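Residue strings, one per chain:
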Amino acid sequence: MKHFYDLRTVEDLEDGETATPEPDVRYELRSIRNEMIDAGPVRDVIRRGDALYARTNDGESFPVTGPDSHVLVPIGL
């Protein structure tokens, strides 16, 4: 099982493979313009083709690579 800290490039995951938050760390999302995204905590990151997407507990997906990507923000370190 891979964790978020294992991800440096898109190629760190195979297509369809996921990574999860580290134990006892919760992540939320911010826009590239530093605006908080109200979509709940991030459940995992999945690779779809040439991009990574953060999936939240609310069932939404947000790109974390490429143009207009979002930023994973650790909460509770």
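You'll find the structure just up there.
In short, a report on the structure. These figures come from a predicted structure and were not determined experimentally.

## Digging into the environment of Val-25
Consideration 1: Position of Val-25 among the secondary structure elements: in the loop between β2 (18-20) and β3 (26-31).
Consideration 2: Val-25 sits 15 residues away from Gly-40 along the chain, and the two C-alpha atoms are 14 Å apart.

## Here we look at the packing of aromatic side chains
Consideration 1: Inspection of every chain in the model, using the stated rule, returns 1 aromatic pair.
Consideration 2: Look at Phe-4 and Tyr-27: their rings are 4.8 Å apart centre to centre, the planes differ by 70°, and that puts the pair in the edge-to-face class. Here Phe-4 is found in the loop between β1 (2-3) and β2, whereas its partner Tyr-27 is found in strand β3, with 23 residues between them in sequence. The pair formed by Phe-4 and Tyr-27 is uniform in burial state, with each residue classed as buried.
Consideration 3: A cation over an aromatic ring shows up here: Arg-48 above the ring of Tyr-53, its NZ or CZ 4.9 Å from the ring centre.

## Some remarks on the side chain of His-70
Consideration 1: With respect to the helices, strands and loops of the structure, His-70 is situated in strand β8 (residues 70-75).
Consideration 2: Here His-70 is in contact with Leu-29, Arg-30, Ser-31, Ile-37, Phe-62, Pro-63 and Val-64, once residues within four sequence places are set aside.

## Brief notes about the sheet that holds strand β4 (residues 36-37)
Consideration 1: Here we have 3 strands laid out as an open sheet, ordered β4-β3-β8, and antiparallel in their pairing. Edge strands, defined here as strands with exactly one partner in the open sheet, are β4 and β8.
Consideration 2: Of the strand pairs in this sheet, β3 and β8 are connected by 6 bridges, and their pairing is antiparallel. Directly across from Tyr-27, in β8, lies its bridge partner Pro-74.

## As for the pairing of β3
Consideration 1: Examined bridge by bridge, β3 and β4 share 2 bridges and lie antiparallel to one another. By the bridge assignment, Arg-30 is partnered in β4 with Met-36.
Consideration 2: Here β3 folds back onto β4, and the loop between the two strands holds 4 residues, one of which, Asn-34, carries a positive phi near 70°.

Criteria and thresholds
- Residues numbered from 1 in each chain as written.
- Predicted model: local features only at pLDDT ≥ 70, side-chain atom pairs only at ≥ 80, totals over all residues.
- Heavy atoms only, no water.
- Helix = DSSP H or I, 4+ residues; strand = E, 2+ residues; numbered from the N terminus.
- Phe/Tyr/Trp six-rings, centres within 6.5 Å; stacked < 30°, edge-to-face > 60°.
- Buried < 20%, exposed > 50% of the residue type's maximum accessible area, 1.4 Å probe, protein only.
- Lys NZ or Arg CZ within 6 Å of the ring centre and 35° of its normal.
- Contact = heavy atoms within 4.5 Å.
- Pairing = 2+ DSSP bridges.

That is the geometry; function is a separate question.
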